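Now for the letters of each chain:
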2 protein chains.
Amino acid sequence: MTAVSKPKRRTKAQQREEMLGQILDAAEYLFSLTGYHGVTIKDVAKQAETHTSLVHYYFTDKKALLDAVFARRAKISADLRVAALDAYERECGGKPSVEGALHAYLDTDLDTFGGGDDGWRNYATLGSQMAVTRWGGEYFDTHFYPVVLRLIDLLKRALPDCDEKRIFWGYNFVMGGLIMTLARTGRLDILSGGAATSEDFASAKKYMARFMAGGMLAICGDGETAG
Amino acid sequence: MTAVSKPKRRTKAQQREEMLGQILDAAEYLFSLTGYHGVTIKDVAKQAETHTSLVHYYFTDKKALLDAVFARRAKISADLRVAALDAYERECGGKPSVEGALHAYLDTDLDTFGGGDDGWRNYATLGSQMAVTRWGGEYFDTHFYPVVLRLIDLLKRALPDCDEKRIFWGYNFVMGGLIMTLARTGRLDILSGGAATSEDFASAKKYMARFMAGGMLAICGDGETAG
DNA sequence: ATTATCTATAGATCTATAGATAATGC
DNA sequence: ATTATCTATAGATCTATAGATAATGC
């Protein structure tokens, strides 16, 4: 053995970061499968190949672990959407369209969450489950409130004659479609006999913004646009 | 006291039915708040004002309790949708439209789930949470598979030139909008500052089918309808 | 010296059942 | 007699912490 073998010595900072990452990945994965309440700290520790006490060493309690899992990717994902909306804002020259705004927002999310990284997919699936609960709301308000308002502002400007109420209900339907997709339940595969598959975010991206723009225009774009 | 007071004697069948109802209502309500895994049998017993042992007496275990909660309203809700699709089938004279089929399906659900009955609302909210999980899929396959295929069949006939894949992705978005609405998270109220509210299923019904029909036509109705 | 990791365990649940009691049924 | 309800508890699990050990840091 003349060659010096790769040193196995890791700095404490490295060790810490690696183990933190392992625990967060494990929690993210398990939470995405059975939800926050369906997972124990013991499950997480086992999945991360360590001990429950170490999970408690790095995270105060189970709630703090969820907070950390959520926060790890929240800012990155929000910033990407803000950047996409900024770019679209410049590009549209003060005249945003419904489909343009939705493409900027939704396509960015589908790229971020569906880009081949299992961690991001698990995160999205966990988020989609939290998004349909009351208790999960605080997480979205805390991390995503501003970027959501940016999207809604663009939609309002694209549909200046439309009642606010319709815009918000439309937004509700848009989010539903996104969340259903990010949930990756596999039901689409079963129902369609393979013609469509839950994991195929490229197809979702191809259809989603156009679908949602068609929907928004259907309830906002015709003669009766109030009430 | 000349009048005979209302007899407090209840038959065993009555007692049984009342307590079963109380337990199912309690479980339905609590499951809708924090999900199946976020609720203990003790919580359910407390909410139903009885003891855990009685919950076990009527239901083998926690899983069987969820099965019973789900099954109690599943058939009623599925049958109502089937009836609505049957009626539409007759009415359309062999020429279904996308919006007609969606009105039959979605409006029926919004009437069923939003008709002022707390139990039905809680059931819908629980269902919406289960619908975005993998483990919840079996419940939908077991109870709703046929009626979903009926809807998809109508959509296919309304869009004979459209690629199957687009139909199924469209269906995915439709279900997302419905599920997001049934979830009643209250986020709509906060985001809109009161302009729209999660509990207002009458408004949801007013916009949903039209929105979704606009979306389906946007991805299926134009020149490029394959791939 | 400091920090990461592991061992051991207290104390608090939680599920499920056995067995007693109290009501209704014939 | 039969069934609904309650009491008591076993046994399993879960969260969280105290304290020991093993690694890295200067």
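Look above for the structure.
**Q** When you look at the interface of chain A and chain B in this model, what are you seeing that I'm missing?
**A** It is common to give the size of an interface as the accessible area that goes away when the parts come together. Each partner contributes to the interface: chain A provides 64 residues, whereas chain B provides 64 residues. Carbon and sulfur atoms supply 66% of the area that chain A and chain B bury against each other, a total of about 5,700 Å² over both sides. Considering only the surface of chain A that becomes buried against chain B, A:Trp169, A:Tyr207 and A:Phe211 emerge as the three largest contributors, covering 15% of it. Counting across the chain A and chain B interface gives 4 salt bridges. The partner of B:Arg187 in a salt bridge is A:Asp141, with the nearest N and O atoms 3.1 Å apart. Where chain A packs against chain B, one counts 12 residue pairs in polar contact (both at pLDDT 80 or more).

**Q** Would you mind going over the relation of the copies chain A and chain B with me for this structure?
**A** Applying a rotation about an axis and a shift along it to one chain copy brings it onto the other copy. Overlaying chain A on chain B yields an RMSD of 0.0 Å, the required transformation being a rotation through 180° with an accompanying axial translation of 0.0 Å. Here the two chains are linked by the operation of a two-fold rotation axis. Mapped onto chain B, 100% of the interface residues of chain A again fall at the interface, so both copies present the same surface.

**Q** Please explain helix H1 (residues 12-34) of chain B as it appears in this structure.
**A** An α-helical segment advances 3.6 residues per turn. Residues three or four places apart therefore align on the same side. All names here are of chain B. For H1, which comprises 23 residues, the first-to-last C-alpha distance of 33 Å matches the rise-based estimate of 33 Å (1.5 Å per residue) to within 8%. If you check which residues of H1 are buried, you get Met19, Ile23, Leu24, Ala26, Ala27, Glu28, Leu30, Phe31 and Ser32. Turning to H1, the residues buried within the fold contact helix H2 (41-47), helix H3 (52-58), helix H4 (62-91) and helix H6 (118-131). Two residues or fewer after H1 comes Gly35, characterised by a positive phi angle close to 80°.

The rules we used
Residues numbered from 1 in each chain as written. Chains lettered and ligands numbered in written order. Predicted model: local features only at pLDDT ≥ 70, side-chain atom pairs only at ≥ 80, totals over all residues. Heavy atoms only, no water. Contact = heavy atoms within 4.5 Å. Buried area = accessible area lost by both parts, 1.4 Å probe. Salt bridge = Lys/Arg side-chain N within 4 Å of Asp/Glu carboxyl O. Polar contact = N/O pair within 3.5 Å; in protein donor to acceptor, adjacent residues only side chain to side chain. Least-squares fit on C-alpha atoms with pLDDT ≥ 70 in both. Helix = DSSP H or I, 4+ residues; strand = E, 2+ residues; numbered from the N terminus. Expected span 1.5 Å × (residues − 1). Buried < 20%, exposed > 50% of the residue type's maximum accessible area, 1.4 Å probe, protein only.

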